[in-house]
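The residues making up each chain are set out below.
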Amino acid sequence: MQKVITVSLNGNAYQLDEDAYALLSQYLEQSGRALQTNPDRPEIIADLEQAIGEKCARYLSPHKTVVTGPELAQVVAEMGPVDGDPGTTTESPSAANGTSAGAQAGSGGAWSSGAATGSGASPGASSGPGGGAAAGGGPSVSRRLYQISDGAVFSGVCKGLSAYFAVDVTLVRAIFVAAFLLTGGAALIAYVVMMFIIPYASTSEERAAAHGMPFNARVLVERAKEKYAQFASSSDWRDSRNQWRNEWRRARAEWRFERRRMRDEWRRHWRFGAGGAPASAAALSPGAKTPAANYATHIITGTVLAILGLIFAIFTIGWVLALLSLLTTGALLGWSLPHGVPFWAALVVLVLLYNAIAWPIKAMRRSIYYSVGPYQGAWVEAWNGIAALAVVFALLWYGYHHQPEVHNLFDHLSQWWNESVSTQLNQLHLGERHAPEGTQTAFKDLPLL
Amino acid sequence: MPIDQKFSPIRKGLLEFLVLKIVGGAMVYVPDILRRLASTEFATQEGTLYPLLSKLRREGLVDYVWQESDSGPPRKYYRLTDSGREHLAQLDEYWVLINKTISELGS
């Protein structure tokens, strides 16, 4: 039994099994990426979807309503990789030869499993000298900088950097620790900035991109085969077999999880309408909604979120200082209250003011989380909360040590705190003595109600 | 290196010319174009053709009209614009020139 996923291809519904769905969303995403700079991207994608739909229709009849994985693989092979830059004849002859050789060796770009094994530097890349060289050049998959939370010590920045530069993660961490010690903490700021700006590799595909490996169903199988070959040739077979099995299970679970996530997202997408996604994305297949939040979007939203977080933090500090000054001196940061305005009214106005200013900032941040994807919202929010808190503490700490006014304020505050606490405690003691009487009265009053 | 690989950049460059020629013959639908090319050395795929057609349309050489079809949704039928026709005539002329050069060389 196979699960069936219904997709809309340029306005017509088609039913695909899970393998076919994975292949199709992969193909459409790669097409979208190839056409990234093309001004007619939505139209071309719609045309491609239309063509795919027509090719799928060939496999359908009243008694066969679902397109299977192998059928869709055939359709996609017929479509061919999308040419991102049509009619460019200005490239140098050698480059043109290289690309054509690569295309011949593995029928094109990221779809070539030859390129996958080639870039993985495995012994299996024996697809001829021409193909091997073209695959080795491997411009088909761009490597991207991501944070990898899998096996990370703190946030995964080092892990992502190590994947990006293809060096050992321990080396990157050592460099970071050394830089931290040498620069007296400046490297930590760099780390924090990267933590916010570099997106997380949250899908298998992004994880593959972090290592500069192409990802699709065929590559996954290819990689599994490679692992199997390693295991078969290994002398320590029992150990590596387990390892291989675990790896395979993990990959499968990941894949399943990702599909489920996509499906859920799609459902949500339907339930809430376009939900902020651009109209062109809504017209695409469900898989195409996820790539809508692509790498550049992640970077931009990460930066904007960090900036908004900072603004929010500074604003919060200002507000807290105003509040403290009101509580301690009865004046707002040296500006005394107008005559006749009671203390409590100023307090209420201050709280209202805070909410009035904080609300739009919060709303902006929230809307950005949701444009990135609801599944990340909670984490982003948690991180931002922690970061805002950290900034507040850092600024307060700096102020305490370097600004005499702040220092005085704190001292004043602690004095005030001690006094008020001792008064409170005294009252509490008094209250305790009176407490039994109070409760009794309360009980006596109850039946009367 | 096999002969066909040696010429693959040339084939790639000529595809635009050939597509203009096909579109110039009659109003066509993309599968028609693919079918016409499939049996030739210039066989191509949707993945290449759609971006190429969109580029030609942006350059104002072709445009399309929607036509209802008996089976399925309406289809885009491509045709040459006036400037496309002019451009094709120039390309034709140039191609004759190239042909002449090639056949005269070495003889």
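A few points on the structure. Just so it is clear, the model here is predicted, and its values are computed rather than measured. (Residues numbered from 1 in each chain as written. Chains lettered and ligands numbered in written order. Predicted model: local features only at pLDDT ≥ 70, side-chain atom pairs only at ≥ 80, totals over all residues. Heavy atoms only, no water.)

What chain A contains, in helices and strands, is 18 helices and five strands. Residues classed as buried in chain A amount to 36% of the 449 residues present. Sequence-distant contacts in chain A: of pairs separated by 6 or more residues, those separated by 24 or more amount to 61%. Carbon together with sulfur atoms contributes 65% to the accessible area of chain A, which is approximately 25700 Å² in total. (Helix = DSSP H or I, 4+ residues; strand = E, 2+ residues; numbered from the N terminus. Buried < 20%, exposed > 50% of the residue type's maximum accessible area, 1.4 Å probe, protein only. Contact = heavy atoms within 4.5 Å. Areas by Shrake-Rupley, 256 points an atom, 1.4 Å probe, with all protein chains shown as cover.)

Moving on, we come to the sheet that holds strand β3 (residues 66-67) of chain A. Residue and element names in this part refer to chain A. Reading across from one edge, β1-β2-β3 is the order of the three strands in this open sheet, with mixed pairing throughout. Each end of this open sheet is capped by a strand with a single partner; those strands are β1 (4-9) and β3. Where helix α1 (residues 18-34) meets the sheet, it contacts β1, β2 (12-17) and β3, and its direction lies at approximately 120° from that of β2. (Pairing = 2+ DSSP bridges. Axes fitted to C-alpha atoms, helices over the stretch in contact; angles between N-to-C directions.)

Here we take up the packing of aromatic side chains. The relative placement of two aromatic rings is captured by the distance of their centres and the angle of their planes. Scanning the entire structure with this criterion turns up eight aromatic pairs over all chains. By the ring-pair criterion, three or more aromatic residues cluster together here, those being F315, W319 and Y354 of chain A. The ring of Y64 of chain B carries the charged tip of K76 of chain B above its face, separated from the ring centre by 4.7 Å. (Phe/Tyr/Trp six-rings, centres within 6.5 Å; stacked < 30°, edge-to-face > 60°. Lys NZ or Arg CZ within 6 Å of the ring centre and 35° of its normal.)

Another aspect to go through is the interface of chain B and chain A. How big an interface is tends to be reported as the loss of accessible area on association of its parts. Between chain B and chain A, the residue contacts involve 25 residues of the former and 31 residues of the latter. A buried area of about 2200 Å², summed over both sides, lies between chain B and chain A, and 47% of it is on carbon and sulfur atoms. Of all residues in chain B, K12, E46 and Y50 of chain B bury the most surface against chain A, accounting for 22% of the area lost on that side. Along the contact surface separating chain B from chain A lie six salt bridges. Ionic pairing is found between K76 of chain B and E43 of chain A, a salt bridge with its closest N-O pair at 2.9 Å. At the boundary of chain B with chain A, the tally comes to 13 residue pairs in polar contact (both at pLDDT 80 or more). Those elements giving two or more residues to the side of chain B that touches chain A turn out to be α1 (3-6), α2 (8-25), α4 (46-58) and β3 (75-80) of chain B. If you tally residues by element for the side of chain B that touches chain A, the top one is α4 of chain B, at ten residues. Residue composition of the side of chain B that touches chain A, grouped by class: ten nonpolar, seven polar and eight charged. (Buried area = accessible area lost by both parts, 1.4 Å probe. Salt bridge = Lys/Arg side-chain N within 4 Å of Asp/Glu carboxyl O. Polar contact = N/O pair within 3.5 Å; in protein donor to acceptor, adjacent residues only side chain to side chain. Nonpolar A, V, L, I, M, F, W, Y, C, P; charged D, E, K, R; others polar.)

All names here are of chain A. The interhelical angle for the contact between α1 and helix α2 (residues 41-57), taken along N-to-C directions, is 150°, at an axis separation of 10 Å. When the axis of α1 is compared with that of α2, the two are roughly antiparallel. At the point where α1 passes α2, the crossing takes the right-handed sense. Counted together, L24, Y27, L28, S31, G32 and R33 of α1 and R41, I45, L48, E49 and I52 of α2 form the full contact between these two elements. For the contact of α1 with α2, a count of residues per class yields six nonpolar, two polar and three charged. (Parallel < 35°, antiparallel > 145°, perpendicular 65-115°, else oblique. Left-handed = near helix turned anticlockwise from the far one by under 90°.)

Residues and elements named next belong to chain B. Sheet architecture is open: three strands sit in the order β1-β3-β2, paired in antiparallel fashion. A single partner strand is all that each edge strand has here, and the edge strands are β1 (28-29) and β2 (62-67). Sitting on the sheet, α2 is in contact with β1, β2 and β3, with an inclination near 100° to β3.

Bringing the pairing of β3 of chain B into the picture now. Residue and element names in this part refer to chain B. As judged from the two bridges shared by β1 and β3, these two strands associate in the antiparallel manner. Each bridged residue has a counterpart across the sheet, and for Y29 the counterpart in β3 is Y77. Pairing geometry for β2 and β3, over six bridges, is antiparallel. Bridged to Q67 within β3 is R75.

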